[in-house]
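# Descriptive structure summary
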Amino acid sequence: MGMDFSTLRTLISRYCVGEENWVDSRTIYIGHKEPPPGTEAFIQQRFPDNRIVSSKYTFWNFIPKNMFEQFRRVANFYFLIIFLVQLIIDTPTSPVTSGLPLFFVITVTAIKQGYEDWLRHKADNAVNQCPVHVVHHGKVVRKQSRKLRVGDVVLVKEDEAFPCDLILLSSSRDDGTCFVTTASLDGESSHKTYYAVQETKAYNAEKEVDTIHATIECEQPQPDLYKFVGRINIYMTTEPVARPLGSENLLLRGATLKNTEYIYAVAIYTGMETKMALNYQSKSQKRSAVEKSMNAYLVVYLCILISKALINTALKYVWQSDPNKDEPFYNQKTEAERQRHVLIRAFTDFLAFMVLFNYIIPVSMYVTVEMQKFLGSYFIMWDDEMFDEELGERAVVNTSDLNEELGQVEYVFTDKTGTLTENNMEFIECCVDGHVYVPHAICNGQVMPGAAGMDMIDSSPGPAAREHEELFFRALCLCHTVQVKEEDTVDGIKHGIHQGKSTSFYISSSPDEVALVEGMKRLGFTYLRLKDGRMEILNREDEVEKFDLLEVLTFDSVRRRMSVIVRASTGEVYLFCKGADSSIFPRVISGKVDQVRARVEQNAVEGLRTLCVAYRSLNPEQYEEVFQQLNRAKLALQDRDKQLAEAYDLIEKDLILLGATAVEDRLQEKAADTIESLHKAGIKVWVLTGDKMETAAATCYASKLFHRNTQILELTTKRTEEQSLHDVLFELSRTVLRQHGGMTRDTFSELSGDCTDYGLIIDGATLSAVMRPGQEGSNSGNYKEKFLEICRNCSAVLCCRMAPLQKAQIVKLIKASEEHPITLAIGDGANDVSMILEAHVGIGIMGKEGRQAVRNSDYAIPKFKHLKKMLLVHGHYYYIRISELVQYFFYKNVCFIFPQFLYQFFCGFSQQPLYDTAYLTLYNISFTSLPILLYSLMEQHINMDILKKDPCLYRDIAKNSLLRWPTFIYWTILGVYDAIVMFFGAYFLFDNTTFTSNGQMFGNWTFGTLVFTVLVFTVTFKLALDTHYWTWINHFIIWGSLIFFVVFSLLWGGIIWPFLNYQRMYYVFMQMLSSGPAWLSIILLITASLLPDVVKKVIWRTLWPTTTERIQNADKLYKGQLSEFTPLASLHAPSKGSSHRRGSENQRNPRRSEPFTKKVMFTRWQKAPDYCTFTPLLRFADSSRHSRQGYNYSGAGPETSV
């Protein structure tokens, strides 16, 4: 709220005071000191305090606010209306029957939400009350974090988090720098360097800091973490000195001080105005497909309910048209009743029937589903197979509402670096003027066993080449933002250089930079330190060379390069630049470009990350011009980024190419196996990465996203430069549709896992052109449609050079396509957050890029390989369980309420209830709720190992197949049939008014109790028949709930309860059980109700079994151990068109990693079922053409290739 008021105040002051050329900025007085008289007007602005609020409720507004939120749910509001109707008019059932279940649901939900908010309050208080050190009148005082104000000078010590957004004034380091990790903000765990202003960096004691007389002008708070524009005016003499402030001076709340003893800084944004608070992205509520199906079914049942009430109301007035039936002699109407208008009477009767039949809408289903999701999520967290020993982390569930969505995924969008790969960089080689250097291994293509880096360089050709080599090595030692962390020895003495050699290690915001600096160290050039603006390196002669660091042109994702300007001890000024090949080659005017480009492309194809290095000598006049350009851009308060980009562009030109480097980022363990399994499961995998095309494509081949027989389609800038985008799109569209012209999209999606046909590669620039709204001509409007059509017919897509926002755009595009597929996004860094929030299901990986992705995700897993079990096992089980839960709830409520509807035809539509009030209230709460809750937590229709080994089973549940309308209608018809059997069975069996042994007749309550007893036993037995996985808990709950019903009925009718005004059930249950015919009829009616469903299942399983049912039958046959030589392939239903495709596949020349036709055998070599892949013997004759290593590509991870 503080932010809203401050915005309002600034607007009022802007327009009321009549200020012209108003700049959206604020002025901060450091230490709350007024500026010297005559410099500027002293206007003390008001800013919010440093309190952080993430909670939703307060003590006072919890009940009204929570009630409002809960009654916004249609089902809760509906039951509230029914409850109020029962209170207001004379209805056939007690208000308790709907009031009690509603109260139970509302209370449970309120307690859960209240507890979650209490935890948020607790976390807020812990943050707001933590102590901070503030400099006040030359002394350091402690105060609570929430009391911090804008303008306070704060002392922060090593390993402490910054309490608000601060501008660095000075640090314990002489050069005024400090090192910070921003893992909690942007996910990057590496160290970043921040700088103090030259004029304030010397003030490094509290008394000195207190003497600083300065003001800061900066922009109003905004959420961009990487953007900050401001300037500091320091009043040292009469004229203030103005210095620029940028993101390199701004320390953000939540970041942590590292490798620096202490710093002094001034607070500029506090509380909810800090960049961290402004980035609290309120997650939009994600709803699963199952929840949408539930709501659709609810509407259908609401229509059924209204139609039942209307039919009964109409029939009541038809019945009462005969005066003898309307007003029999024993039930005369009062005068008031006679005088009431017929419409009012009809409306009252309609409401009474609505109340009578309202149990068809299951209010308890919502609370059961909530409990099932909440408790079920623990199975993911407790899964030992998803525990990573290296990280010591388990899977985390942040949102339990989407468990079943894991079983419905059709598209997986994955990041590359840190998700498919380890984000653990290793320097592989460098190329200088076409000569290749591999540390300790190869020099100029010659294998040199045991060679040291020194020998390799000495053996390089010619003095000119040697000079270029040394310049290249120096460039890599100087062009970076790496810091040196000195290692502590046991006795606490720091050793920076020991006997002329470095014993320190490197830390940086980019793992690539550390790999390059370490690579140079292995090649003889060691970066030592940055001290007092001087960079020191140790050359191969063990001499220390010093370079003055004049400027750093920082890396950004648009330029894709970084530069430094340094002055050597000889006085020469150099600009060293390193960056992506696409951003360096166009700026190069000389050097061996062709040789270096060839090597870069070769390395990229092998999946290595490449960078090019170039330089430029600057004479004094050029440097002075460069300095002026940069200074002007840095001091600008408006459009500073744009001006800096223009300045960088002018400076980084006319470069001389030195060479290129190659760094390897290894593929994660079992990443290829996971992707192959997802393909078999019918899931399309897209890789979205910021990396260059060649590197990303190589990773895709290594991870089996692309196979060697995949035909690659390119939609890249290179291609659209040669042809227009329109022509390229239509050409690609014709290509894919020529192959799949005869197939529908659905057919192809079924086959896409069996045969990888087309792979598409698109880059960020082309994607922007595709996504741009059409302007030129009529054809440009349908680019998106054409692009989607191509993508749908490709089994894998690689999007490279992607900006974070483009990743989210791609996910949004697929989500909005006409099939509305379920999407999943998985990534490990802050750049993946946007796509994680956009996808239906977002999964964060606990990688090396911090926890930003994990915090914003719905689920978090330690490694990419765990995605396989997450989807194929957990997702499969969750979907099976909840789909049965939803259908079963509607089924048991139809069985429950339809006899009540039929009963009205036999009681003159008098709204007489068939069941007792206690039975009406407890049916959904006690008698039938626990068995289905347990089923929805424990059911395993197929063994877990089989689900993992055979991903194709995932297709059986794709596209919400178990909650489609035909299935829903079948369950509803089954419910209606069971209700008819129960009601009319009991009616005809007791048509001749059965007598008990003592001569008493059965009355209406006995009839209702008989129907209710058959009902409870039938729906419980139906669930028992559907259960495949039996444990002692199932037996205890299922049979226990039936015993509870019997015991309750005996107690309810066997005791005279003092709190009841009338006891119509007294002795009814015991009397019914004392009759032999009643026992017989109960058994007969239960059998008759269950028989059709059992017969239907048997016939269907025999004649048209699904893959799942085939495997269930085989598993039962072998008592849970599928025996030796039972081919899993033979248990699959044959896929249409597969033989034609396989034939065409075999005609092609087999190449490396071609997927052979395989049969998976189940063997009993171990106790648990094991699997082995056999290549059909007929192919062995053909296999002579394959190299041995080719077989490494054909296996599927844990399977064994023979």
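As named in an unreviewed UniProt entry, the protein is Phospholipid-transporting ATPase, taken from Oreochromis aureus. Taken verbatim from the UniProt record of the protein, the Sequence similarities (unreviewed entry) comment is "Belongs to the cation transport ATPase (P-type) (TC 3.A.3) family. Type IV subfamily." You can read under Cofactor (unreviewed entry) in the UniProt record for the protein the words "Mg(2+)".

So, on to the overall build of the protein. Within the protein one finds 40 helices and 43 strands. Classification of the 1202 residues of the protein by burial places 52% in the buried group. With the model as given, the accessible surface of the protein reaches about 54,100 Å², and the carbon-plus-sulfur share is 57%.

Here we come to the pairing of strand E16 (residues 421–432). In terms of strand pairing, E16 meets strand E33 (residues 655–667) through eight bridges, oriented antiparallel. Within the sheet, the bridge partner assigned to Thr421 lies in E33 and is Leu667.

Moving on, we come to the sheet that holds strand E12 (residues 256–258). Read from one edge of the open sheet, three strands run E7-E6-E12, paired in antiparallel fashion. Each having just a single partner strand, strand E7 (191–195) and E12 make up the two edges of the open sheet. Across the sheet, the axes of successive neighbouring strands diverge by a mean angle of 45°, strand direction being ignored. Judged from the three bridges that link them, strand E6 (residues 177–181) and E12 form a sheet pairing that is antiparallel. From the neighbouring strand, Thr181 faces E12, where its bridge partner is Thr256.

A cluster of acidic side chains, namely Asp224, Asp639, Asp641 and Glu646, defines a negative patch on the protein surface. Within the secondary structure layout, Glu646 lies in helix H19 (residues 640–651).

All right, on to unusual backbone geometry then. Although it is not a glycine, Asn259 adopts a positive phi angle of roughly 55°. Looking at the element boundaries, Asn259 is found in the loop between E12 and strand E13 (262–269). According to the relative accessible area criterion, Asn259 is buried, its value standing at 14%. If you check the backbone angles, Lys670 has positive phi at about 60° while not being a glycine. Among the structural elements, Lys670 can be located in the loop between E33 and helix H20 (671–680). Overall, Lys670 belongs to the partly exposed group, its relative accessible area being 49%.

Here we take up the packing of helix H2 (residues 62–70) against helix H4 (residues 96–128). Running from amino to carboxyl end, H2 crosses H4 at an angle of 120°, the nearest separation of the two axes being 11 Å. Of the possible angle classes, the one that applies to H2 and H4 is oblique. Viewed along their axes, H2 and H4 form a crossing whose handedness is right-handed. Each of Phe62, Asn66, Met67, Glu69 and Gln70 in H2 lies in contact with H4, whose residues at this interface are Val105, Ile106, Thr109, Ala110, Gln113 and Gly114. Its residues placed into classes, the contact of H2 with H4 shows five nonpolar, five polar and one charged.

Here we take up a nonpolar patch on the surface. A cluster of nonpolar side chains, Trp1030, Trp1039, Ile1043, Val1047, Leu1051 and Ile1055, forms an exposed patch at the surface whose accessible area comes to about 520 Å². As for its position among the elements, Trp1030 is in the loop between helix H35 (1004–1026) and helix H36 (1032–1054).

In this model, helix H3 (residues 74–88) (15 residues) spans 21 Å end to end at C-alpha, consistent with the 21 Å of a helix rising 1.5 Å per residue. All of the buried residues along H3 are Ala75, Asn76, Tyr78, Phe79, Ile82, Val85 and Gln86. Buried positions along H3 lie against H2, H4, helix H8 (289–319), helix H11 (342–357) and helix H12 (363–381).

To continue, consider the sheet that holds strand E3 (residues 139–144). Hydrogen bonds between backbone atoms are what pair the strands of a sheet, whose relative direction is either parallel or antiparallel. Taken together, six strands build an open sheet; the order of strands is E3-E2-E4-E13-E5-E11 and the sheet is antiparallel. Pairing within the sheet leaves two strands with one partner each, and these edge strands are E3 and strand E11 (250–251). In terms of strand pairing, strand E5 (residues 165–171) meets E11 through two bridges, oriented antiparallel. Across the sheet, Ile167 pairs through a bridge with Leu250, a residue of E11.

Think of it this way: side chains of opposite charge can pair up when their charged atoms draw near. Across all of its chains, the model carries 41 salt bridges by this definition. Across the pair Arg474 and Glu545 runs a salt bridge, and its minimum N-O distance is 2.6 Å. You can see Arg474 sitting in helix H14 (residues 463–478) and its partner Glu545 sitting in strand E28 (residues 544–553), a full 71 residues away along the chain. Under the relative-accessibility criterion, Glu545 is labelled buried at 14%. In this structure, the salt-bridge partner of Lys634 is Glu551, at a minimum N-O distance of 3.0 Å. Here Lys634 is found in helix H18 (residues 620–635), whereas its partner Glu551 is found in strand E28, with 83 residues between them in sequence. Using a relative accessible area of 26% as the deciding quantity, one classes Lys634 as partly exposed.

UniProt's entry tags Asp415 with the feature "active site" (unreviewed entry), counted in the numbering of this structure. Setting aside residues no more than four positions away along its own chain, Asp415 makes contact with Leu420, Leu688, Lys807, Ile826, Gly827, Asp828, Asp832 and Met835.

As a further point, take the environment of Thr1027. Summarising the element assignment, Thr1027 is placed in the loop between H35 and H36. Look at Thr1027 and you get buried, because its relative accessible area is 7%. The sequence separation of Thr1027 and Ile932 amounts to 95 residues, and the corresponding C-alpha distance is 10.0 Å. Excluding anything up to four places from it in sequence, Thr1027 contacts Tyr935, Glu939 and Asn1034.

A separate point is the environment of Arg394. If you trace the backbone, Arg394 turns up in the loop between H12 and strand E14 (396–397). Each C-alpha atom, one on Arg394 and one on Asp383, is 7.9 Å from the other, the two residues being 11 residues apart in sequence. The residues contacting Arg394, other than those within four sequence positions of it, are Met381, Trp382, Asp383, Asp384, Met386, Phe387, Met846 and Pro862. Here Asp384 takes part through its side chain, which lies 3.1 Å from a polar atom of the side chain of Arg394.

With that settled, consider the nonpolar core. Counting residues in hydrophobic clusters, the biggest one holds 93 residues, and the most contacted among them are Val886, Phe896, Tyr915, Phe1012 and Leu1015. If one sorts the elements of this core by residue count, helix H30 (residues 866–903) sits on top with 17 residues. Every residue in contact with Phe1012, bar those within four places of it in the chain, is listed here: Phe896, Tyr915, Tyr919, Tyr923, Phe927 and Phe1045. Formed by 39 residues, the second largest nonpolar core is a distinct cluster that contains Val687, Leu824, Phe864 and Leu867.

A few words now on the pairing of E5. A large share of E5 lies buried, amounting to seven of its seven residues. Relative to E13, E5 is paired through six bridges, and the arrangement is antiparallel. When the bridges of E13 are listed, Ser171 appears paired with Ile263.

Evaluated as defined, the whole model comprises 64 aromatic pairs. Both rings, one in Phe59 and one in Trp60, keep their centres 5.1 Å apart while their planes meet at 85°; by these two values the pair is edge-to-face. For the residue pair Phe59 and Trp60, the accessibility class agrees, reading exposed in each case. Lying across the ring of Phe357, Lys308 places its NZ or CZ 5.7 Å from the centre.

Thresholds applied
Residues numbered from 1 in each chain as written. Predicted model: local features only at pLDDT ≥ 70, side-chain atom pairs only at ≥ 80, totals over all residues. Heavy atoms only, no water. UniProt positions renumbered as here; feature names shortened; annotations may be inferred. Helix = DSSP H or I, 4+ residues; strand = E, 2+ residues; numbered from the N terminus. Buried < 20%, exposed > 50% of the residue type's maximum accessible area, 1.4 Å probe, protein only. Areas by Shrake-Rupley, 256 points an atom, 1.4 Å probe, with all protein chains shown as cover. Pairing = 2+ DSSP bridges. Axes fitted to C-alpha atoms, helices over the stretch in contact; angles between N-to-C directions. Patch = residues over 30% accessible without salt bridge, like charges linked within 9 Å, V, L, I, M, F, W, Y side chains within 5 Å. Salt bridge = Lys/Arg side-chain N within 4 Å of Asp/Glu carboxyl O. Lys, Arg positive; Asp, Glu negative; His and termini not counted. Charge placed at Lys NZ, Arg CZ, Asp CG, Glu CD. Parallel < 35°, antiparallel > 145°, perpendicular 65-115°, else oblique. Left-handed = near helix turned anticlockwise from the far one by under 90°. Contact = heavy atoms within 4.5 Å. Nonpolar A, V, L, I, M, F, W, Y, C, P; charged D, E, K, R; others polar. Expected span 1.5 Å × (residues − 1). Polar contact = N/O pair within 3.5 Å; in protein donor to acceptor, adjacent residues only side chain to side chain. Core = buried A, V, L, I, M, F, W, Y, C linked by side-chain atoms within 4.5 Å. Phe/Tyr/Trp six-rings, centres within 6.5 Å; stacked < 30°, edge-to-face > 60°. Lys NZ or Arg CZ within 6 Å of the ring centre and 35° of its normal.

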